[in-house]
Amino acid sequence: MIETLSINRAHGGTQGVYRHASTATGTDMTFSVFVPDHAAGAKLPVLWYLSGLTCTHANVTEKGEYRAACAEHGLIFVAPDTSPRGEGVADDPAYDMGQGAGFYVDATEAPWAAHFRMRSYVEQELPALIAADFPADMGAQGITGHSMGGHGALTVALRNPGRFGSVSAFAPIAAPGQVPWGEKALAGYLGADRADWRAYDAVALIEDGARLPELLVDVGDADPFLAEQLRPDLLRQACAAADIPLELRLQPGYDHSYYFISTFMADHVAWHAARLGGR
C-alpha cells in the first residue's frame with residue numbers, strides 16, 4: 001500500500017510524495033513522482049532520477065527544475081531515496097557511508113546487509129510499484145542521476161540491457177572501484193574482494209562486456225570532485241574501447257551543486273523524451 005504524503009499542482013501536472021513499506025529494505029521508503037496531465041487511459045514514458053550522497057528524494061524534487069520540461073514532453077519523473085532510513089538501520093558518522101549513502105548496492109557485509117538493498121529496490125521493487133499505481137509505460141523507460149546517483153543510473157542500465165531506452169548522468173562517479181568514495185563504500189558494503197565490486201562499477205561493467213546504445217554525461221569543469229572522485233576520463237576511455245557513443249560535455253564554470261543540475265536538467269529531459277517517444 002502506498003501512503004500519499006503530499007500532492008501539489010505544478011506545470012500542468014501533479015507532484016506527489018509517497019511512502020510505502022519496502023520488502024527489499026525492510027523499512028519504510030519515501031519517493032516522489034511527477035505525472036504530467038495526460039489523456040484518460042494513456043500511459044507516459046518514465047524517467048528515473050537517482051540522487052547523490054546525503055540526498056533524499058527531496059533534493060531533486062525541490063531544486064531539480066524538471067517539471068516544466070517533463071510536462072512539455074509528457075514524461076513521468078520518479079525520484080527514490082538514496083538509502084533505507086530509520087530506527088534500527090545501520091549508519092556511519094561519515095557522510096559517504098550509511099544512511100544517505102546507499103550507493104545503489106545490495107550489501108552483503110554486516111551491519112549493512114540487513115537493510116541496504118538499494119539495487120533490489122530500484123531495479124525490482126519500486127518499478128513494480130510504479131507500474132501498478134501510476135500511468136507509466138514501462139516499455140519506455142529512461143534513467144539518469146547525479147554523482148553517486150549517476151553511478152547508480154549507469155550501473156543499473158548496464159546490468160539491465162534493453163530495459164532503458166535512454167541513459168544519461170550528471171557528474172557520475174564513473175569508476176567507483178578506482179576512487180576514494182567508491183573504494184570506501186564498496187569495501188564496506190561488499191567486502192574486500194574487488195571482483196565483487198565490478199557489478200557496481202560502470203567502467204568495469206563496460207570492460208566486462210556490458211553495453212549501452214548511447215550515453216549523455218554532463219560534468220562541470222569547476223566541480224571540486226572532478227579529478228579525484230568522478231573520473232569521466234576513465235568513462236570516456238571505456239566507451240571508446242567498447243564503441244559506445246558518449247556525448248561527454250564539460251560545462252565551463254559549473255560545480256557539483258543543484259545550480260549545475262538544474263541548469264542542464266531540461267536538456268536531459270528533452271534528450272530522453274526524443275528517445276522514449278515523448279511529445
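Structural notes, computed from the coordinates. For every chain, the first residue of the written sequence is number 1, and numbering continues from 1 onward in sequence order. Reporting in this predicted model follows two pLDDT cut-offs: at least 70 for local features of residues, and 80 or more for side-chain atom pairs to be given and counted; totals over whole chains, interfaces and linings ignore these cut-offs and use all residues. With hydrogens and water set aside, each side-chain value is computed from the structure's full complement of heavy atoms.

1. A few points about the pattern of salt bridges
So, point 1. For salt bridges, the criterion is a side-chain nitrogen of Lys or Arg within 4 Å of an Asp or Glu carboxyl oxygen. With the rule as written, the count across this model stands at 14 salt bridges.
So, point 2. For R19, the salt bridge goes to E3, with nearest N and O atoms at 3.0 Å. Residue R19 is located in strand 2 (residues 13–21), and its partner E3 is located in strand 1 (residues 3–10); the two are separated by 16 residues in the primary sequence.
So, point 3. Residue E3 is classed as partly exposed on the basis of its relative accessible area, which comes to 38%.
So, point 4. D267 is the partner of R249 in a salt bridge, and the nearest nitrogen-oxygen pair spans 3.7 Å. Taken as a pair, R249 in strand 9 (residues 246–251) and D267 in helix 9 (residues 258–276) lie far apart in primary sequence, 18 residues in all. Helix and strand definitions here come from DSSP, where helices need a minimum of 4 consecutive H or I residues and strands a minimum of 2 consecutive E residues; each element is numbered from the N-terminal end. Exposure is judged per residue with a 1.4 Å probe applied to protein chains only, and the accessible area is read against the type maximum: over 50% gives exposed, under 20% gives buried, and values in between give partly exposed.

2. Here's the deal with the packing of aromatic side chains
So, point 1. Put simply, two rings from Phe, Tyr or Trp (the six-membered ring, in Trp's case) pair if the centres are within 6.5 Å, and we call them stacked under 30 degrees between planes, edge-to-face over 60, tilted for the rest. Overall, the coordinates contain 13 aromatic pairs when judged by the stated rule.
So, point 2. Both rings, one in F34 and one in Y66, keep their centres 6.4 Å apart while their planes meet at 70 degrees; by these two values the pair is edge-to-face. Of this pair, F34 sits in strand 3 (residues 28–36) while Y66 is found in the loop between helix 1 (57–63) and helix 2 (67–73), placing the two residues 32 residues apart along the sequence. Take F34 and Y66: they sit in the same class, and that class is buried.
So, point 3. With centroids separated by 3.7 Å and ring planes inclined at 5 degrees, the aromatic side chains of Y66 and F77 adopt a geometry described as stacked. With Y66 in the loop between helix 1 and helix 2 and F77 in strand 5 (residues 76–80), the pair connects residues that are eleven residues apart, well separated along the chain.

3. Re the nonpolar core
So, point 1. If you look at the biggest cluster of nonpolar residues, it comprises 91 residues, and the most contacted ones within it are F77 and Y189.
So, point 2. Sequence-distant contacts of Y189, that is, excluding residues within four places in its chain, are made with M97, G98, A101, G102, F103, V105, A107, T108, E109, W112 and F116. Among the buried residues, those of types Ala, Val, Leu, Ile, Met, Phe, Trp, Tyr and Cys that are joined through side-chain atoms within 4.5 Å form a nonpolar core. A contact between two residues is defined here by any heavy atoms of the two lying within 4.5 Å.

4. Some remarks on unusual backbone geometry
Working note: non-glycine residues mostly have negative phi, and peptide bonds are mostly trans.
So, point 1. With omega at 0 degrees, the peptide bond leading from A110 into P111 counts as cis.
So, point 2. Backbone geometry at S147 places phi at a positive 60 degrees, although glycine is not the residue there.
So, point 3. A positive phi angle, close to 45 degrees, is found at A171, a residue other than glycine.
So, point 4. Turning to its location among the elements, A171 is positioned in the loop between strand 7 (164–170) and helix 5 (180–190).

5. Brief notes about the sheet that holds strand 6 (residues 136–145)
So, point 1. In space, the nine strands of this open sheet follow the order 1-2-3-5-4-6-7-8-9, with mixed pairing throughout. The open sheet has two edge strands with one neighbour each: strand 1 and strand 9. Each neighbouring strand pair of the sheet contributes to a mean axis angle of 20 degrees, computed without reference to strand direction.
So, point 2. Strands are labelled as partners when DSSP assigns at least two bridges between them. Pairing geometry for strand 1 and strand 2, over seven bridges, is antiparallel. Following the sheet pairing, S6 is matched in strand 2 by V17.
So, point 3. Angles run from 0 to 180 degrees between N-to-C directions of axes, and those axes are lines fitted to C-alpha atoms, restricted for helices to the stretch in contact. Taken strand by strand, helix 3 (residues 118–133) contacts strand 2, strand 3, strand 4 (44–50), strand 5 and strand 6, and its axis lies near 50 degrees from that of strand 3.

6. Side note on helix 9
So, point 1. For a helix, the expected span equals 1.5 Å multiplied by the residue count minus one. In this model helix 9 runs 25 Å from its N-terminal to its C-terminal C-alpha over 19 residues, within 8% of the 27 Å that 1.5 Å per residue would give.
So, point 2. For helix 9, the set of buried residues is Y258, F260, I261, S262, F264, M265, H268, V269, W271, H272, A273 and L276.
So, point 3. A side-chain oxygen of the first residue of helix 9 lies 3.2 Å from the backbone nitrogen of Y259; this N-cap is S257.
So, point 4. Remark: G277 follows helix 9 within two positions and exhibits a positive phi of approximately 85 degrees. Under this definition, polar contacts are N or O atom pairs within 3.5 Å; protein pairs additionally need one hydrogen-donor-capable and one acceptor-capable atom, and for neighbouring residues in sequence, both atoms have to be side-chain atoms.

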